[in-house]
Amino acid sequence: MPIIYHHISALQTTLKAYRSHKRIALVPTMGNLHAGHLELVKIAKQHADIVVVSIFVNPTQFGVGEDFDSYPRTLDDDVAKLTTVNADYVFAPSVDEMYPVLPAPTSISAGMITKQLCGQSRPTHFDGVGIVVAKLFNIVQPDVAIFGQKDYQQLTIIRQLVRDLSYPVAIIAVPIIRAGDGLALSSRNQYLSEAEREVAPVLHQALHKLAQQLKHGIYSTQSEFNDLLDVLLKQTRMRLVKAGFIIDYLEIKTTQLEPVQIDKVQTQNKQTQDLIILAAAWLGRARLLDNETLSISYASSH
Ligand code: PAF
């Protein structure tokens, strides 16, 4: 069974004894753990001697009217699950322990990347993620930290944070863990009614189909790509809306979350490019996130 710490200083005293000769991994979570989180812990075990799982429902990443109060807090169950994957320590601080002053006068902003995709409907979300992840890195001082690719924008922002603030932490990304029917595992899936749970895998199916359709083309100009993308996005949106989703966004980007610019890629003489389709959509009370990566081919411009 992992040892649970609620206070920063006690956790730090314990970790200090390991720091010179053991690798430490951090798996940051908000608790209510599912098989996806346990996979992150298993991967962490492959990269480090000591695995610390943080469980903290971080108030600063929830906007007004979001589910901070109702977000499921299930520490005992979480600890039982973490025992099955041999996590070493759980760090479960109170809000006061993490934020002696709230709102904290110090802020972290990752800039433009936070304004798009999820940032459009959750404008303060990534500032909250940025500050809590920075604090967790400072508290645990891990050699590696493990994040799931379901929250792809979050992952990209954290990589940027590590680069820009020179954190000596290797970030390991773990592919999305899915239920047997394709639904990406998420703590928020429990907000789905039985009927909605049946429909929910349509999100993944729709993204997967869009990726397959885009993959088969060979594009020589930006407009050729845009024209096909417009048609396919429209079809995908219609499918999702018909199934009962309210779409927050459905977009295709480079894997750095930049716009797809075919002319730019062609001048670099590349013939393929990795892209990512990202979506967030509401089904009842649940806001579901999913993404699908693909590689597309370009014909030479000359
Ligand atoms: O992905 C999450 O669960 C949270 O955003 C994180 C990274 C634990 C920060 O609170």
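A quick note: this is a predicted structure, and the numbers were derived from the prediction, not measured.

Let's shift gears to the overall build of the protein chain. Secondary structure summary: the protein chain contains 11 helices and 10 strands in total. Its C-alpha atoms give the protein chain principal-axis dimensions of about 60 × 45 × 40 Å. A total of 302 residues make up the protein chain; the buried ones form 51% of that total. Here the contacts in the protein chain between residues at least 6 apart in sequence split such that 75% fall between residues at least 24 apart. With the model as given, the accessible surface of the protein chain reaches about 14,400 Å², and the carbon-plus-sulfur share is 53%. If you average the places of the 28 positive and of the 29 negative side-chain charges in the protein chain, the two averages end up 3 Å apart.

Time to look at the sheet that holds strand β6 (residues 170-174). With respect to topology, 6 strands assemble into an open sheet ordered β1-β4-β3-β2-β5-β6, the strand pairing being parallel. Two strands bound the open sheet, and with one partner strand each, they are β1 (3-5) and β6. Each adjacent strand pair in this sheet contributes to an overall mean axis angle of 25°, direction not counted. The sheet contact formed by strand β2 (residues 24-29) and strand β5 (residues 144-148) spans 2 bridges and is parallel. Its bridge partner being in β5, A25 is matched across the sheet by V144. Sitting on the sheet, helix α3 (residues 75-84) touches β1, β3 (50-55) and β4 (89-91), and the angle it makes with β3 is about 160°. Taken strand by strand, helix α7 (residues 152-164) contacts β5 and β6, and its axis lies near 170° from that of β6.

Close contacts around the ligand come from P28, T29, M30, N58, Q61, V132, F147, D151 and Q154, and that covers them all. At 2.6 Å, a side-chain N or O of Q61 approaches an oxygen atom of the ligand. Q154 places a side-chain nitrogen or oxygen 2.7 Å from an oxygen atom of the ligand. Partitioning the shell around the ligand into residue classes produces 4 nonpolar, 4 polar and 1 charged.

Regular strands place their side chains on alternate faces of the sheet. Counting buried positions over the 6 residues of β2 gives 6, a clear majority of the element. Burial along β2 is two-sided: the residues I24, L26 and P28 and A25, V27 and T29 are all buried. As for the winding sense of the linkage, the β-α-β connection from β2 through helix α2 (residues 35-47) to β3 is right-handed.

Under the criterion given, the structure shown has 9 salt bridges. As a salt-bridge pair, K253 and E251 come within 3.5 Å of each other at their nearest N and O atoms. Residue K253 is classed as buried on the basis of its relative accessible area, which comes to 12%. On the basis of relative accessible area, E251 is assigned to the partly exposed category, the value being 23%.

For the rest of this paragraph, the subject is the sheet that holds strand β7 (residues 218-219). Ordered in space as β7-β10-β9-β8, the 4 strands form an open sheet in which the pairing is mixed. In this open sheet, the two strands that pair with only one neighbour each are β7 and β8 (246-254). Where helix α10 (residues 222-243) meets the sheet, it contacts β7, β8, β9 (272-283) and β10 (286-298), and its direction lies at approximately 150° from that of β8.

Put simply, helix α9 (residues 202-215) and α10 touch, their axes get as near as 10 Å, and they point 160° apart. Overall, the two elements α9 and α10 adopt an arrangement that is roughly antiparallel. Seen from above, α9 lies across α10 with right-handed handedness. Of the residues in α10, those in contact with V202, L203, Q205, A206, K209, L210, Q213 and L214 of α9 are F225, L228, L229, L232, L233, Q235, T236, R239, L240 and A243. The class makeup of the residues in the contact of α9 with α10 is 12 nonpolar, 4 polar and 2 charged.

Here we take up α2. The first and last C-alpha atoms of α2 sit 19 Å apart over 13 residues, in line with the 18 Å expected at 1.5 Å per residue. Those residues of α2 not exposed but buried are G36, H37, L38, L40, V41, I43 and A44. Along its buried surface, α2 packs onto β2, β3, α3, β5 and β6.

The rules behind the values
- Every chain is numbered on its own, with residues counted from 1 as its sequence reads.
- Local features are withheld for residues below a pLDDT of 70 in this predicted model, meaning they are given only at 70 or higher, and side-chain atom pairs are given and counted only at 80 or more; totals for whole chains, interfaces and linings count all residues.
- The basis for every side-chain value is the complete set of non-hydrogen atoms in the structure, without hydrogens or water.
- Only DSSP runs of H or I with at least four residues qualify as helices, and only runs of E with at least two residues qualify as strands; both kinds are numbered from the N terminus onward.
- Type-normalised accessible area, obtained with a 1.4 Å probe on protein chains alone, sets the label of each residue: buried when under 20%, exposed when over 50%, and partly exposed for intermediate values.
- Contact criterion: two residues are considered in contact whenever any of their non-hydrogen atoms come within 4.5 Å of each other.
- Surface exposure here means Shrake-Rupley accessible area, sampled with a 1.4 Å probe, where a residue is shielded only by the protein chains that are shown.
- Positive charge is attributed to Lys and Arg, negative charge to Asp and Glu, and no charge count is given to His or to the chain ends.
- By convention, charge coordinates are those of NZ in Lys, CZ in Arg, CG in Asp, or CD in Glu.
- At least two bridges found by DSSP between two strands is the condition for calling them paired.
- Axes, fitted as lines to C-alpha atoms, cover a helix only where it is in contact. Angles between the N-to-C directions of the axes lie from 0 to 180 degrees.
- Put simply, a residue is near a molecule or strand once any heavy atom of it comes within 4 Å of that molecule or strand.
- Under the rule applied, a polar contact is a pair of N or O atoms within 3.5 Å (in protein, one hydrogen donor and one hydrogen acceptor; residues adjacent in sequence only if both atoms are side-chain atoms).
- Polar here means any residue other than Ala, Val, Leu, Ile, Met, Phe, Trp, Tyr, Cys and Pro, which are nonpolar, and Asp, Glu, Lys and Arg, which are charged; Gly is therefore polar.
- With its strands directed away from the observer, a crossover is right-handed exactly when the path from the first strand over the helix to the second travels clockwise.
- For salt bridges, the criterion is a side-chain nitrogen of Lys or Arg within 4 Å of an Asp or Glu carboxyl oxygen.
- The cut-offs work like this: below 35 degrees is roughly parallel, past 145 is roughly antiparallel, 65 to 115 is roughly perpendicular, and the gaps in between are oblique.
- Left-handed describes a crossing whose near helix is turned anticlockwise from the far helix by less than a right angle; the clockwise case is right-handed.
- The span one expects for a helix is its residue count, reduced by one, times 1.5 Å.

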